[in-house]
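# Fold and contact review
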Amino acid sequence: MRWASGPLEIARRGRADGFSLQNKQTLERFHDPASLDILKNSPIDCLVLSWAAGLAEDAIQQKSAEPLVAAARERNLAVVGWVENTADHQASIAAARSAGLTAVAIQNFKGRTDFPVIPWGDRAKMPWDAPGPILAVSDNVWPGVSMPGNGSSAGPTGAPWVDSNGWFLQMARAHVSRPLWLMFDPPAKGRIFAAADYETAVCDAEIAGGRWAVSLDESVRAGLIAGNPAAREILDRIGGSIRFFDQHADWRTFRSLGVLGVISDFTGENYDMSGEILNLAARRNLQYRVIWKSEALAQPFTGLKALMYADKEAPEAPLRKKMMAFAEQGGLLIAGPKWGPEGAPADPGFDTQFAVRTYGKGRLAVAKDELTDAFQVAADAQLLVSHANDLVKVYNAASVGCTLVIGSPDTKRELVQVLAFATGWSSGARTVWVSKKYRGAARLWSIGSAQPMRIEPVPADEYVGVECRIPAGVPGYFALEFEV
């Protein structure tokens, strides 16, 4: 199922106040059933409408939506009602059933009903255990490089600040197997969005195994109504990106091959710290694997070089024993200050907030004080794990981007996905180094290409492993598929 929360939604946040007359007229034209023709030949097959029963204005809004709902169903488009805040859940479901909706998406829904319900919530308060075929997530970010004057955290000599949702999706997919839909909108002010920006929004979700509920800015909506070619190009680029990932749907079953295992219960304060560590590690292209604490005893640590445990509470004894055994057998364990005194002091070779100790064949890195700065934790973790354990490096590319190494469930294929967030860097020649030698040539996939390009790996000059030379003209997102 594909959600189209963009050109045709009755705004999820519900109201038109604050819009200019022109924008109100644009919204009204999008609510016209004839506007569905915009989606002709598009892979988008689901419409999201605001649907919060229990208030008088909601009843009026739902009544006005009836022609649009009927026209959508005639075109085989699913229609989902979006319910938020304190709306009456049962009244919303009853109204949706009566109106012929396909399903409703209800914030923090945990009950049971014979009508399809999609639970959704903010990132930190997800109803993970709620029944339903799909989970939807709000409180996400528009992916890309933060622009000066729009909340950028980058200083004049610092690396640009990248916003991405990939870390959250990796965290979520390590816990649930249902499809995950990300809800986020283009920032309301301060930027003009090009087709490449929307393609990046699709890719940011898809490469981590999720899907974006498409949402367009007001100028694109108005352009589509007016038949503007630039607006049409944007919708076509979105559709082309969706088709590409749907054609490679099996990639969504692949999982991270990261060398750092991050263990947490990802709730409360632990979500704030461990989640931000994941976010910042992703920005540093530190390849990690998410391990939920409740599932850690049953999961093997095979392939990991290090474990990180930043939760405030100590793990239960069986898990602690398993983690200590990992270190004793040659791994690195990074933990908070309450971990314990085991091991003999060792010089880490650089200034760090962690006291490093040898333990058996491995090492312990125990924080000297409470962990409060996720940025420094991620930076120290990268140094402790060492670039010698990197799985992939991308050369001649933008300094800001995302690189993810994932493997198929049968372990026969591995995929390196590269997404450049900075525009202007996307079409130059690049080199991708991978740490192992694979069988045969790599297949390079990119959006818009019907067939993959054959890339012959060559021995690396300075490192073990091989290099894949990516020719100029390959777009900002591409994937290298290898046979193991």
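The sections below set out a description of the structure shown in this document. (Residues numbered from 1 in each chain as written. Predicted model: local features only at pLDDT ≥ 70, side-chain atom pairs only at ≥ 80, totals over all residues. Heavy atoms only, no water.)

### Examining the nonpolar core
Among the nonpolar cores identified, the biggest contains 124 residues, and Met171, Tyr477 and Leu480 are the most heavily contacted of them. In terms of residue count, the dominant contributor to this core is helix H7 (residues 229–247) (seven residues). Each residue touching Met171, except ones within four places of it in the same chain, is listed here: Trp128, Phe266, Tyr271, Leu278, Val290 and Trp292. (Core = buried A, V, L, I, M, F, W, Y, C linked by side-chain atoms within 4.5 Å. Buried < 20%, exposed > 50% of the residue type's maximum accessible area, 1.4 Å probe, protein only. Helix = DSSP H or I, 4+ residues; strand = E, 2+ residues; numbered from the N terminus. Contact = heavy atoms within 4.5 Å.)

### As for the environment of Tyr395
Of note, Tyr395 is situated in strand S18 (residues 392–395). On the accessibility criterion, Tyr395 (29% relative accessible area) is partly exposed. Along the backbone, Tyr395 and Trp433 are 38 residues apart, and their C-alpha atoms lie at a distance of 8.0 Å. Each residue touching Tyr395, except ones within four places of it in the same chain, is listed here: Arg430, Thr431, Trp433 and Tyr463.

### Some words on the packing of aromatic side chains
One pair of aromatic rings is described through two measures. These are the centre distance and the angle between the planes. Per the stated rule, a full pass over the model turns up 20 aromatic pairs. An angle of 85° between the planes, with centres 5.8 Å apart, marks the rings of Phe301 and Phe326 as edge-to-face. Taken together, the positions of Phe301 in the loop between strand S12 (288–292) and strand S13 (306–309) and Phe326 in helix H9 (residues 317–328) put the pair 25 residues apart, joining distant regions of the chain. In this structure, Phe301 and Phe326 share a single accessibility class: buried. Taken together, the aromatic side chains of Trp128, Trp167, Phe168, Phe266, Tyr271 and Trp292 make up a single cluster linked through ring pairs. We note Lys322 situated over the ring of Phe301; from NZ or CZ to the ring centre the distance is 4.4 Å. (Phe/Tyr/Trp six-rings, centres within 6.5 Å; stacked < 30°, edge-to-face > 60°. Lys NZ or Arg CZ within 6 Å of the ring centre and 35° of its normal.)

### Examining the sheet that holds strand S10 (residues 255–256)
Sheet architecture is open: six strands sit in the order S10-S19-S20-S26-S22-S23, paired in antiparallel fashion. On the outer flanks of this sheet lie S10 and strand S23 (453–455), each paired with one strand and no other. As judged from the four bridges shared by strand S22 (residues 439–445) and strand S26 (residues 477–483), these two strands associate in the antiparallel manner. Bridging across to S26, Arg443 finds its partner in Glu481. (Pairing = 2+ DSSP bridges.)

### Side note on the pairing of strand S25 (residues 466–470)
For S25, the tally of buried residues reaches four of five residues, placing the bulk of the element in the interior. Pairing analysis gives five bridges linking strand S21 (residues 430–434) to S25, with the strands arranged antiparallel. Note that in S25 the partner of Arg430 across the bridge is Ile470. Inspection of the sheet shows strand S24 (residues 458–459) paired to S25 by two bridges, in the antiparallel sense. Among the inter-strand pairings, Pro459 is bridged to a residue of S25, identified as Val466. In textbook terms, the turn of a hairpin is the stretch between consecutive antiparallel strands, and for S24 and S25 this stretch comprises six residues, one of which, Gly465, has a positive phi near 110°.

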